[in-house]
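Here is what each chain is made of, one letter per residue.
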Amino acid sequence: DTEVTQTPKHLVMGMTNKKSLKCEQHMGHRAMYWYKQKAKKPPELMFVYSYEKLSINESVPSRFSPECPNSSLLNLHLHALQPEDSALYLCASSQLGLTNTGELFFGEGSRLTVL
Amino acid sequence: AQKVTQAQTEISVVEKEDVTLDCVYETRDTTYYLFWYKQPPSGELVFLIRRNSFDEQNEISGRYSWNFQKSTSSFNFTITASQVVDSAVYFCALSENGSSNTGKLIFGQGTTLQVKP
């Protein structure tokens, strides 16, 4: 079983809805990530939080708003999405600092469909 | 620029066959990390192995083995005696700038492996 938990597993929303994706890890990792993955494509990095602060935003549209309330939780708030935003959204975590060995631990993803 | 190439888009084998997934990378960094991840239909990316640029020893873990060759910038993955449960998409990835602190993995396009009974 994965140690990174994402909810919901599936989400269907209209273009005017506001929804949130949630991610939780209890491995003591201090870096958390959001990746977006379209069908038959590799994951694409969206955001990175290091020590609860946003360190990387890969020029993601403002209709995606990340939030890191504490070192274990990561949210992705969704508003006014477009059908082309339909994808699998993957959360990941990793260590930082001298103990960082580079690998990311991924959740099972939230499959989002925008109508 | 950093780049990972997985030339094989799809591979289909019959159970018990051996199969090798190719990965070629490009980087100007002297320190970097390479990874293989498995993505079954459930969606989760499962970490399989990490290799740093200073460690060219090949590794074997059960039916899995990895061949890292800096001279050819390749990090190939072999599954021996494949099983139906090995069916998945496999991604090779490179960490950017060697620090790996950013978590910015450069992924290959992935190889879809289908193992038929």
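Just so it is clear, the model here is predicted, and its values are computed rather than measured.

The rules behind these values
- Residue indices begin from 1 for each chain and proceed along its sequence in written order.
- Lettering for chains starts from A, numbering for ligands starts from 1, and both go in the order in which the items are written.
- Only residues with pLDDT of at least 70 are given local features in this predicted model, and only at 80 or more are side-chain atom pairs given and counted; all residues enter the totals for whole chains, interfaces and linings.
- The side-chain values count all of the structure's non-hydrogen atoms but skip hydrogen atoms and water molecules.
- Only runs of H or I of at least four residues qualify as helices and only runs of E of at least two qualify as strands under DSSP, and these elements are numbered from the N terminus.
- When DSSP finds at least two bridges between two strands, those strands are taken to pair.
- Each axis is a line fitted through C-alpha atoms, taken for helices only over the stretch in contact, and angles between the N-to-C directions span 0 to 180 degrees.
- Cavity and pocket criteria rest on a 1 Å grid covering protein atoms alone: a 1.4 Å probe that fits but cannot get out defines a cavity, protein on both sides within 12 Å along at least 5 of 7 lines defines an open pocket, and an atom within 4 Å of a point defines a lining residue.
- Grid points are joined across faces, edges and corners, and a volume is the space filled by probe spheres set on the points.
- Three classes are used, and their members are as follows: Ala, Val, Leu, Ile, Met, Phe, Trp, Tyr, Cys and Pro are nonpolar, Asp, Glu, Lys and Arg are charged, and the others, Gly among them, are polar.

**Focus: the environment of A:Glu108**
You can see A:Glu108 is positioned in the loop between strand S10 (105-106) and strand S11 (110-114). C-alpha of A:Glu108 to C-alpha of A:Glu58: the two residues are 50 residues apart in sequence and 22 Å apart in space.

**Some words on the sheet that holds strand S8 (residues 73-79) of chain A**
Residues and elements named next belong to chain A. With respect to topology, 4 strands assemble into an open sheet ordered S1-S3-S8-S7, the strand pairing being antiparallel. A single partner strand is all that each edge strand has here, and the edge strands are strand S1 (4-7) and strand S7 (64-70). Sheet twist, expressed as the average angle between the axes of neighbouring strands with direction ignored, equals 20°. In this sheet, S8 lies alongside strand S3 (residues 18-25) in antiparallel orientation, the contact comprising 7 bridges.

**Quick look at the layout of surface pockets**
The volume enclosed by the largest pocket comes to roughly 570 Å³. Lining the largest pocket are 29 residues, with A:Ala39, A:Lys40, B:Gln39, B:Val89 and B:Thr112 sitting closest to its centre. The set of elements that each furnish at least two residues to the lining of the largest pocket consists of strand S9 (87-94) and S11 of chain A together with strand S10 (88-95) and strand S12 (111-116) of chain B. Sorting elements by how many residues they give to the lining of the largest pocket places S12(B) first, with 4 residues. For the lining of the largest pocket, the class distribution of residues is 10 nonpolar, 14 polar and 5 charged.

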